[in-house]
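Summary of structural features
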Amino acid sequence: MSQKHFMREAIKLAEAGMRGGRGGPFGCVVVRQGEIVGRGHNRVTSTNDPTAHAEVVAIRDACANLETFQLADCELYTSCEPCPMCLAAIYWARIPQVHYGNTRADAAAIGFDDDFIYQQVPLPPEQRTVAMQPLLRGEAQAAFREWATKRDKVRY
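I will try to describe carefully the structure that is included in this document.

Our next topic: the pattern of salt bridges. Counted by the stated rule, this structure contains 4 salt bridges. Here R32 and D73 are joined by a salt bridge, their closest N and O atoms 2.7 Å apart. Here D73 lies in the loop between α3 (54-66) and β3 (74-80) and R32 lies in strand β1 (residues 27-32), a separation of 41 residues in the sequence. According to the relative accessible area criterion, D73 is partly exposed, its value standing at 41%. A salt bridge links D152 to K150, with the nearest nitrogen and oxygen atoms 2.7 Å apart. On the accessibility criterion, D152 (56% relative accessible area) is exposed.

Next up, the structure:
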């Protein structure tokens, strides 16, 4: 199968999800060794889940199907350049290559503008629009200390 084939599959998922009233016009597939192992389309409005973006849904599907939390031997095809949340999920899943159709400027032109998030991320926590305040760090440190010495932990 060609890269164009996989991108067309992502686009078809975007169209089907949008036309079915399940969410915005975004679709995604995760591919491993020439085979689609995860599929997703945007489901934000149909599931009342702001994290149900196409890429996150596809990553979750691929991980469940492959029974792993790392997709280092996969590629991701998405109908639009990933938003900051999806980009972070791609990094956490260790996916080494992403192919995308529409750009984030294309998404902004139809009302999906994530530029403010890109601007917020590099700011120190106290300068972000979302109020962020440290609280009970000393108590929270106990779990971190325990993790540091845990012998049977699974690193990720």
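Read on for the rest.
Further remarks concern the pairing of β1. Judged by how many residues are buried, β1 sits mostly within the fold: 5 of 6 residues are covered. By the bridge criterion, 6 bridges tie β1 to strand β2 (residues 35-41) in an arrangement that is antiparallel. Bridge assignment links C28 to a residue of β2, and that residue is G40. From the end of β1 to the start of β2, which pair antiparallel, there are 2 residues, and Q33 there has a positive phi angle of about 50°. Alignment of β1 against β3, held across 5 bridges, turns out to be antiparallel.

Looking now at the sheet that holds β3. With mixed pairing, 4 strands are arranged side by side in an open sheet as β2-β1-β3-β4. Only two strands of the sheet have a single partner each, and these edge strands are β2 and β4 (97-102). On average, each strand axis in the sheet is tilted by 15° relative to the strand beside it, whichever way the strands run. Contacts from helix α1 (residues 3-19) reach β1, β2, β3 and β4, with the element oriented near 50° to β3. Where α3 meets the sheet, its contacts fall on β1, β2 and β3, and the angle it forms with β2 comes to roughly 140°.

What the largest pocket holds in volume is close to 260 Å³. If you trace the largest pocket, you find 16 residues lining it, with F26, N42, H53, F112 and D114 closest to the centre. Residues of the lining of the largest pocket, tallied by class, amount to 9 nonpolar, 3 polar and 4 charged. In this model, the second largest pocket occupies a volume close to 190 Å³. Lining the second largest pocket are 13 residues, with A14, P25, F26, S79 and N102 sitting closest to its centre. Elements with a minimum of two residues in the lining of the second largest pocket: α1, β3, β4 and α5 (104-109). Sorting elements by how many residues they give to the lining of the second largest pocket places α1 first, with 4 residues.

For the rest of this paragraph, the subject is the environment of N48. Relative to the assigned elements, N48 resides in the loop between α2 (44-47) and α3. Between the alpha carbons of N48 and G23 there is a distance of 9.8 Å; along the sequence they are 25 residues apart.

What counts, and where the lines are drawn
Residues numbered from 1 in each chain as written. Predicted model: local features only at pLDDT ≥ 70, side-chain atom pairs only at ≥ 80, totals over all residues. Heavy atoms only, no water. Salt bridge = Lys/Arg side-chain N within 4 Å of Asp/Glu carboxyl O. Helix = DSSP H or I, 4+ residues; strand = E, 2+ residues; numbered from the N terminus. Buried < 20%, exposed > 50% of the residue type's maximum accessible area, 1.4 Å probe, protein only. Pairing = 2+ DSSP bridges. Axes fitted to C-alpha atoms, helices over the stretch in contact; angles between N-to-C directions. Contact = heavy atoms within 4.5 Å. 1 Å grid on protein atoms, 1.4 Å probe; cavity = no way out; pocket = protein on both sides within 12 Å on 5 of 7 lines; lining within 4 Å. Points joined across faces, edges and corners; volume = space filled by probe spheres on them. Nonpolar A, V, L, I, M, F, W, Y, C, P; charged D, E, K, R; others polar.

Limitation: the analysis is restricted to geometry and does not speak to function.
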